[in-house]
Amino acid sequence: MIKIALDGFGGDNSPHEIVKGAVQAVAKEEGFSIVITGDQEQIQTLLHEYGYMGNRISIYHTTEIIGCDEEPTLAIRRKKDSSLVKGLELLKKGECDGFISAGSTGAVLAGGIFIVGRMQGVKRPCLCPALPTVKGGTVLLADCGANVDCKVEYLEQFSALACGYAKAVNGVENPRVCLLSNGAEDEKGNDLIKEANSVMRGNPNFKGNIEARYILSGDCDVVVADGFNGNVALKSAEGTANAVFSLLSQEINSSIRAKLGAGLMLPALKRIKKRMDYTEHGGAAFLGVKKPMVKLHGSTKAKSVCAGILQVKSMIDGDLITLMEKELNKKQDA
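Going along each chain's sequence as written, the residues are numbered from 1 onward. Since the coordinates come from a predicted model, pLDDT governs what is reported: local features require at least 70, and pairs of side-chain atoms require 80 or more to be given and counted, while whole-chain, interface and lining totals use all residues. Hydrogens and water are ignored here; the side-chain numbers use all heavy atoms of the structure.

Caption draft 1: Broad picture of the overall build of the protein chain. Starting at the N terminus, helices and strands are each numbered in turn, a helix being any DSSP run of H or I of at least four residues and a strand any DSSP run of E of at least two. The helix and strand inventory of the protein chain stands at eleven helices and eleven strands. Put simply, the radius of gyration uses C-alpha atoms, and a globule should come to 2.2 Å times the residue count raised to 0.38. Against the compact-globule benchmark of 20 Å for 334 residues, the protein chain has a radius of gyration of 20 Å, which places it among compact chains. Principal-axis analysis of the C-alpha atoms gives the protein chain an extent of 60 × 60 × 35 Å. Out of the 334 residues belonging to the protein chain, those deemed buried represent 49%. For the protein chain, restricting intrachain contacts to residue pairs at least 6 apart in sequence, the fraction spanning at least 24 positions comes to 72%. Note on areas: these come from Shrake-Rupley sampling with a 1.4 Å probe, and a residue is covered only by the protein chains present in the view. Accessible surface for the protein chain amounts to roughly 15800 Å². Of this, 51% is attributable to carbon and sulfur atoms. Charge counting follows a simple rule: Lys and Arg are positive, Asp and Glu are negative, and His as well as the terminal groups are ignored. Note on charges: their place is set at NZ of Lys, CZ of Arg, CG of Asp or CD of Glu. In the protein chain, the 40 positive side-chain charges and the 39 negative ones have mean positions that sit 3 Å from each other. We call a residue buried when its accessible area falls under 20% of the maximum for its residue type, exposed when it is over 50%, and partly exposed in between, using a 1.4 Å probe and counting protein chains only. We call two residues in contact whenever any of their non-hydrogen atoms come within 4.5 Å of each other.

Caption draft 2: Representation of the packing of helix 4 (residues 83-93) against helix 5 (residues 105-116) within the structure. In this analysis, axes come from line fits to C-alpha atoms, helices being fitted only over the stretch in contact, and the angle between any two N-to-C directions falls in the range 0 to 180 degrees. Relative orientation of the contacting elements helix 4 and helix 5 amounts to 35°, with a least axis distance of 10 Å. Seen along the crossing, helix 4 lies across helix 5 with a hand that is right-handed. Contacts between helix 4 and helix 5 involve Leu84, Val85, Leu88, Glu89, Leu91 and Lys92 from the first element and Ala107, Val108, Gly111, Gly112, Ile115 and Val116 from the second. Polar here means any residue other than Ala, Val, Leu, Ile, Met, Phe, Trp, Tyr, Cys and Pro, which are nonpolar, and Asp, Glu, Lys and Arg, which are charged; Gly is therefore polar. Its residues assigned to classes, the contact of helix 4 with helix 5 comprises eight nonpolar, two polar and two charged. By the definition used in this description, the sense in which the near helix is turned from the far one sets the handedness, with an anticlockwise turn below a right angle giving left-handed and a clockwise turn giving right-handed.

Caption draft 3: Broad picture of the packing of aromatic side chains. Pairing of aromatic rings covers Phe, Tyr and Trp, the last counted by its six-membered ring, and requires centre-to-centre distances within 6.5 Å; plane angles under 30 degrees mean stacked, over 60 mean edge-to-face, and any other angle means tilted. One pass over the structure, following the stated rule, counts zero aromatic pairs. Placement of a charge over a ring requires the Lys NZ or Arg CZ to be within 6 Å of the ring centre, with the centre-to-atom vector within 35 degrees of the ring normal. The side chain of Arg56 reaches across the aromatic face of Phe32, ending 4.9 Å from its centre.

Caption draft 4: The arrangement of the state of the cysteines in detail. In this description, a disulfide is simply a cysteine sulfur pair whose atoms lie within 2.5 Å. Scanning the model with the defined rule gives zero disulfides in all. No disulfide involves Cys144; its sulfur sits 7.7 Å from the nearest other cysteine sulfur, which is in Cys128. Cysteine Cys178 is unpaired, with the sulfur of Cys220 as its nearest cysteine sulfur at 4.0 Å. Of the residues examined, Cys178 reaches a relative accessible area of 6% and is grouped as buried.

Caption draft 5: Local environment of a nonpolar patch on the surface. Together, Val148, Phe228 and Val232 make up an exposed nonpolar region whose accessible area comes to about 270 Å². With respect to the element layout, Phe228 can be found in helix 8 (residues 227-252). A relative accessible area of 49% means that Phe228 is categorised as partly exposed. Each patch groups residues whose relative accessible area exceeds 30% and which form no salt bridge, using 9 Å between like charges and 5 Å between nonpolar side chains of Val, Leu, Ile, Met, Phe, Trp and Tyr. Throughout this description, the term salt bridge denotes a Lys or Arg side-chain nitrogen within 4 Å of a carboxyl oxygen of Asp or Glu.

Caption draft 6: Spotlight on the environment of Glu195. Within the secondary structure, Glu195 is located in helix 7 (residues 191-200). Sequence separation of Glu195 and Lys151 is 44 residues, and the distance between their C-alpha atoms is 9.5 Å.

Caption draft 7: The arrangement of empty space enclosed by the protein in detail. Space inside and on the surface of the protein is sampled on a 1 Å grid over the protein atoms alone, with a cavity defined as a set of points where a 1.4 Å probe fits but cannot get out and a pocket as an open set with protein on both sides within 12 Å along at least 5 of 7 lines; lining residues have an atom within 4 Å of a point. Grid points are joined across faces, edges and corners, and a volume is the space filled by probe spheres set on the points. Within this structure, the stated rule accounts for one cavity of 30 Å³ or more. Of the residues contributing to the lining of the largest cavity, the split by class is four nonpolar, four polar and one charged.

Caption draft 8: Region of interest: the packing of helix 1 (residues 16-28) against helix 10 (residues 302-317). At their nearest, the axes of helix 1 and helix 10 sit 7 Å apart, and the two run at 50° to each other. Classed by the angle they form, the pair helix 1 and helix 10 counts as oblique. The handedness of the crossing between helix 1 and helix 10 is right-handed. Between helix 1, through Glu17, Ile18, Lys20, Gly21, Ala22, Gln24, Ala25 and Lys28, and helix 10, the contact on the second element is made entirely by Ala302, Lys303, Val305, Cys306, Ile309 and Leu310. Of the residues in the contact of helix 1 with helix 10, the class split is eight nonpolar, two polar and four charged. Each angle receives one of four descriptions, namely roughly parallel if under 35 degrees, roughly antiparallel if over 145, roughly perpendicular if within 65 to 115, and oblique otherwise.

Structure below.
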């Protein structure tokens, strides 16, 4: 049976939302178990509180927590008995098949590289969230913040890694790849983007540049970006979605007529909100390390924890690492 390590004390709402999400995940799907790392007494109390009496959730007791205000690499080295480090060690040793955390992004990334290790040939692993599109599917954004400064070869590898994910998890046989730029024309972008565009044209799946406003259009399966611009695009999309729903709420409450109209539109509005809720798809996969890893948003709630756990299971079921290796080998052989 698949076993997934869950950092019980990572994130703003740990451990209660983390444990609650684990309980929801095992109730939703079969075929896997969870090891929650962290203080045993607190986790056990929460499991009882949420009515869990099964045997698919176990606890690995730890005594330390890595906070978001700590220097990541230093924290990984000093806090050997933290919920984050112990979870990653379980993954490295093969005692678990996947790992998920809502803790410090820097610490998760540092731990993934220094404890779990990079896949052979990978220069820089990348963070890759799956974002909902208006056509009902998802688009992968690689990288969304792990690598601010990039080289062309990094972007090429991000493309290969994300294509492996698209095949393993999303079931896309021939992922359409686009490069984030300030215009669709080949000559647009800075020197890095122009050179990357020229190199990536050799990939038959490469469809050219894409502007940030079309990321969620559903016209491509993978958007490749350096971590700086990818993060700006991701945060802009999140902020815009929140602003739109906030404005809708204000307008709905502005008059009796608006409230009556909203009552008729409520089912449609709920469907739209659900379709565009990125937390339905889990977190950002950390691609390029030797084992499946997912980083959740720091303020994540139980629903997203549950989705993230099932996301890791899908990565394992789909043989993600093998498919990413194949995509990397294709690039090297080209």
